[in-house]
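What follows is each chain in one-letter form.
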Amino acid sequence: AGGFLANHIIAQLLEQGFRVRGTVRSLNDTGKVEALRRLFPELELFEADLLRDNSFFDCLKGCKYVIHTACPSNTSFHKPLTEMMDPCLKGTLSLLRSARLAGSVRRVVLTSSAGAGVNATPP
């Protein structure tokens, strides 16, 4: 919920009257959580880790729609496939599994990440 694109999507959905849930890696990250709560008091926050299986399940229970804007990435990597692409793929698959298990999700929207514009040539 804390990314640039996610912030804009949350704002638009709340403005249109949708009930919105979002995730952060840690609810103990008080700086990020407090900033999100100030920006979006109506936002329901959940803790989820893209690289931990089923960590999205609680957040997705009862949801009809999912917009996935997060991707674990590192701006400095030596092995683009294993350090960037594998975690992105694993995280997306984890989210999709949780959406299927939730049983209520009708549509999932996947966005690209900043990693799409990164030069993947190792140094």
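Structure first, text after, so check above.
Residues numbered from 1 in each chain as written. Predicted model: local features only at pLDDT ≥ 70, side-chain atom pairs only at ≥ 80, totals over all residues. Heavy atoms only, no water.

Visitor: Mind showing me how you'd approach the pattern of salt bridges here?
Guide: Between side chains of opposite charge, a pair can form as their charged atoms come close. According to the stated counting rule, one finds 4 salt bridges in the structure shown. With a shortest N-O distance of 2.6 Å, R19 and E44 are connected by a salt bridge. Here R19, found in the loop between α1 (4-15) and β1 (21-24), pairs with E44, found in strand β2 (residues 44-47); they are 25 residues apart in sequence, far enough to count as distant. Exposure remark for R19: the relative accessible area of 62% places this residue in the exposed category. When its relative accessible area of 24% is taken as the criterion, E44 is described as partly exposed. Between D58 and K61 there is a salt bridge, and its shortest N-O distance comes to 3.4 Å. D58 sits in the partly exposed class, given a relative accessible area of 47%. According to the relative accessible area criterion, K61 is partly exposed, its value standing at 41%. (Salt bridge = Lys/Arg side-chain N within 4 Å of Asp/Glu carboxyl O. Helix = DSSP H or I, 4+ residues; strand = E, 2+ residues; numbered from the N terminus. Buried < 20%, exposed > 50% of the residue type's maximum accessible area, 1.4 Å probe, protein only.)

Visitor: Please clarify how the nonpolar core should be interpreted in this entry.
Guide: The tendency in soluble globular proteins is for nonpolar side chains to be buried side by side. Of all hydrophobic cores here, the largest spans 10 residues; its members are A1, I10, L14, V20, V24, V33, L36, F40, L43 and L45. At the level of secondary structure, the elements contributing two or more residues to this core comprise α1 and α2 (30-39). For F40, the residues in contact, after removing those within four places along its chain, are N7, I10, A11 and L14. Counting 9 residues, the second largest nonpolar core, distinct from the first, contains L60, V66, L95 and V105. (Core = buried A, V, L, I, M, F, W, Y, C linked by side-chain atoms within 4.5 Å. Contact = heavy atoms within 4.5 Å.)

Visitor: Looking at this model, I keep getting lost on the environment of L45. Mind explaining?
Guide: Among the secondary structure elements, L45 is positioned in strand β2. Not counting residues up to four positions away in its chain, the partners in contact with L45 are A1, G22, V24, L27, V33, L36 and R37.

Visitor: Help me out: how do you make sense of the side chain of H68 in this one?
Guide: Structurally, the position occupied by H68 is in strand β3 (residues 65-68). Of the residues examined, H68 reaches a relative accessible area of 6% and is grouped as buried. A polar side-chain atom of H68 sits 3.2 Å from the main-chain carbonyl oxygen of A70. If near-sequence neighbours (up to four positions away) are discounted, H68 is found in contact with L50, T92, L95, V109, L110 and T111. (Polar contact = N/O pair within 3.5 Å; in protein donor to acceptor, adjacent residues only side chain to side chain.)

Visitor: Explain α1 here, please?
Guide: Across its 12 residues, α1 extends 17 Å between first and last C-alpha, which sits within 8% of the 16 Å expected from 1.5 Å per residue. Where α1 is concerned, the buried positions are A6, I9, I10 and L14. Buried residues of α1, viewed axially, fall in a sector of 125°; they line one side. Turned more than 90 degrees from where α1 packs its buried face, F4 and E15 sit exposed. Buried residues in α1 make contact with β3. In the segment just after α1, G17 is the residue with positive phi, at about 90°. (Expected span 1.5 Å × (residues − 1). Arc of directions from axis to C-beta.)

Visitor: Is there a simple way to think about a nonpolar patch on the surface in this case?
Guide: Among the surface-exposed residues, L89, L93, L96, V108 and L110 lie close enough to one another that they form a single nonpolar patch of about 390 Å² accessible area. Those elements that provide at least two residues to the nonpolar patch are α4 (80-102) and β4 (107-110). Examining the composition of the nonpolar patch, we find that 3 residues originate from one element, α4, more than from any other. Its place among the elements puts L96 in helix α4. (Patch = residues over 30% accessible without salt bridge, like charges linked within 9 Å, V, L, I, M, F, W, Y side chains within 5 Å. Areas by Shrake-Rupley, 256 points an atom, 1.4 Å probe, with all protein chains shown as cover.)

None of the figures reported here should be taken as evidence of function without further support.
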